[in-house]
Amino acid sequence: MSEYQTHEHDVLVIGAGGAGLRAAIEASAAKVSVGLVCKSLLGKAHTVMAEGGIAAAMANVDDRDNWKVHFADTMRGGQYLNNWVMAELHAKEAPDRVKELEAWGALFDRTKDGRILQRNFGGHKYPRLAHVGDRTGLEMIRTLQDYGIHQGIEVYMEHTATTLLLDGGRVVGAFGYDRERGRFRVFKAKAIVLATGGIGRAFKITSNSWEYTGDGHALAYNAGADLMDMEFVQFHPTGMVWPPSVRGILVTEGVRGEGGRLLNNKGERFMFNDIPDLYKNQVAKDTEEGWRYVTGDKNANRPPELLTRDHVARCINREVKAGRGSPHGGVFLDIAWIKEKLPKAAEHIKKKLPSMYHQFKELANVDITQEAMEVGPTTHYVMGGVRVDGVTQMSTVPGLFAAGEVAAGLHGANRLGGNSLSDLVVFGKRAGEHAAAWAKSHGQGKVDAGQVESAAKWALAPFDRAGGENPYGVQHSLQDMMQDKVGIVRNDGDMAAAMDGLAVLRKRASAVGIDGNREYNPGWHTCLDLPNLLTVSEAVTRSALDRRESRGGHFREDFPDKSKEFSNHNTVVRKGPDGAMRLCRERIPEMRDDLKKVIEENK
Ligand SMILES: Cc1cc2nc3c(=O)[nH]c(=O)nc-3n(C[C@H](O)[C@H](O)[C@H](O)COP(=O)(O)OP(=O)(O)OC[C@H]3O[C@@H](n4cnc5c(N)ncnc54)[C@H](O)[C@@H]3O)c2cc1C
């Protein structure tokens, strides 16, 4: 029998980013015992990297804004595949969650009359993103962490959950290990909230940190939960492209929100050449009008650089493919030009975009106050995830909840910038509240020793194969393949080849071996991440193959238009009885009439 330590909580939260921390705070406020597990140190989650801001219709900068416009923008951005229950709750509750963060100590940038300042962002009709320069996520995590630390939450840092434990289909705990020493842990819990973030590490070029290996998606899937809309991966238009070691690191949309312009190697603002009909009335017709918008003129239309991310990313891709790219395979993003308009432009840029200034100065030796950046698309966010109930956030497995990037629904086919941070606090709170309620009304289920033993045996198997396949080799092959064949522009042939490739990689992954012991062994951790990466990659590829149209973040060159056939269903994958992945299309429930009216009014 393997040795392991046992911990017991009413609610276990897996993941300590914005969603996990907010869930833990809420569950703890309901007076249940809460455990919080995270792969890295507390405060180091992905949320900390969020730059541009948090979307909430507070109408501090433009008094025409309200929840209805935010709801309509979110649905339009998601191409109407969103879970409209979530989109409504999100638009209505986000302002209160932002004010709550402020009450807990978050220091947002201010308007001249002392209210929370809001900035423009792609797809949002009005300036809506509350922000702290370009370090909003850091402030959010700092606030939630400071507040949460006093709520009696027990934190297990540098622990990875590898398996969910079940009792008759209900979740009753999680198995995992501490990453430093490699010792096994069993966490018994009446309810579990997954808040593990995204899947970006399945691709070669990504803005995501090492933690984003799709663990929560795979944990839920293996426990029998549905995953939904996995074909919708967001490729952010602007990541760094040079030098190679920093390729993929995000260049916040805030640069374009502050007036940054995209140019090809002919010096053309190519975004003016491609404005979709849907947005024709909202986008500036000339550069002067776009600049007026950036400086807060309510009657001006926004610049075309602030169209939705999928569209901008594809336009950049097109310029590069047509030979109009920058020297290192991107295009130019120029904020320095604003010195023509502002007397103290350099100071202004450093104040509004301090992280971007340092990022380019230190990593690429580029002074963004004087010269243009080189940027290109980077894998950024997954709209798909664990299918949840819109109100409670419970998945299709009883007692298992999910919130934040790991959950599906709110963003439909594409997420608007800023809508993730608000998602985390709106639905993190809801998940925590409902997980606590579930824990209060259900006893502790039985943890089966056999399940624990097989989880431990599985985790140790790579040591029995010392000298076997190198886990990093398999990981890199997977990332290369997903980037090439299931990336920003997809087609049937490439994705069919990717499905074959996944079968080969699964074989290779089952033969990975590792030397050394369980202490401080990153190679071992990679062995254990690989099955998760393969599961999410298969879910993305299978779903993308099935959706024979282009919509939101999913673009197929063989089906470049939207199709009515695919306009009102979500793609769902789940584990079949034989262990193989099954796909089905699930019709989206009919929207309430009052919400249809809101969308109509805001068209
Ligand atoms: C560079 C960058 C900038 C961004 N800017 C913005 C922005 O301005 N506005 C916006 O709305 N969104 C932004 N986003 C998106 C947003 O930051 C993320 O979607 C969001 O932070 C995800 O939060 P989360 O709580 O779901 O997960 P995370 O913050 O990633 O937290 C995940 C947690 O799960 C833990 N975890 C994962 N797997 C396991 C496991 N197996 N066992 C235990 N713990 C595990 C991790 O350690 C971590 O603690 C940005 C993203 C990036 C990459």
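About the thresholds
Residues numbered from 1 in each chain as written. Predicted model: local features only at pLDDT ≥ 70, side-chain atom pairs only at ≥ 80, totals over all residues. Heavy atoms only, no water. Helix = DSSP H or I, 4+ residues; strand = E, 2+ residues; numbered from the N terminus. Buried < 20%, exposed > 50% of the residue type's maximum accessible area, 1.4 Å probe, protein only. Polar contact = N/O pair within 3.5 Å; in protein donor to acceptor, adjacent residues only side chain to side chain. Near = heavy atom within 4 Å. Areas by Shrake-Rupley, 256 points an atom, 1.4 Å probe, with all protein chains shown as cover. Nonpolar A, V, L, I, M, F, W, Y, C, P; charged D, E, K, R; others polar. Domains from an automatic or database assignment. Contact = heavy atoms within 4.5 Å. Buried area = accessible area lost by both parts, 1.4 Å probe.

**Quick notes on the environment of Arg97**
Then, in step 1: Locating Arg97 in the fold gives a position in helix α3 (residues 84-103).
Then, in step 2: Owing to a relative accessible area of 10%, Arg97 belongs among the buried residues under this scheme.
Then, in step 3: A distance of 3.0 Å separates the side chain of Arg97 from the side chain of Glu100, its partner in a polar contact.

**Let's talk about the site of the ligand**
Then, in step 1: Taken together, 40 residues surround the ligand, and among them His46, Thr47, Gly52, Glu211 and Tyr212 come closest.
Then, in step 2: At 2.3 Å from an oxygen atom of the ligand is found a side-chain nitrogen or oxygen belonging to Glu211.
Then, in step 3: Protein chains bury 98% of the 1000 Å² of accessible surface belonging to the ligand in isolation.
Then, in step 4: Going through the elements one at a time, α1 (18-29), β7 (159-167), β14 (373-382) and α11 (419-441) are the ones with two or more residues in the shell around the ligand.
Then, in step 5: Broken down by element, the residue count for the shell around the ligand peaks at four residues, all from α11.
Then, in step 6: Looking at the shell around the ligand, its residues break down into 15 nonpolar, 19 polar and six charged.

**Let's talk about the domain arrangement of the protein chain**
Then, in step 1: What the domain assignment reports for the protein chain is domain 1 (236-378) and domain 2 (461-573).
Then, in step 2: For domain 1 versus domain 2, the distance between C-alpha centres works out to 31 Å.
Then, in step 3: Each side of the interface is counted separately: domain 1 has five residues, and domain 2 has five residues.
Then, in step 4: With both sides pooled, the region where domain 1 packs onto domain 2 buries about 440 Å², and carbon together with sulfur makes up 67% of that total.
Then, in step 5: It is Asp310, Arg314 and Asn317 that lose the most area in domain 1 upon contact with domain 2, and together they represent 75% of the buried surface on that side.
Then, in step 6: Joining domain 1 to domain 2, the criterion identifies zero residue pairs in polar contact (both at pLDDT 80 or more).
Then, in step 7: Considered class by class, the residues forming the side of domain 1 that touches domain 2 number two nonpolar, one polar and two charged.

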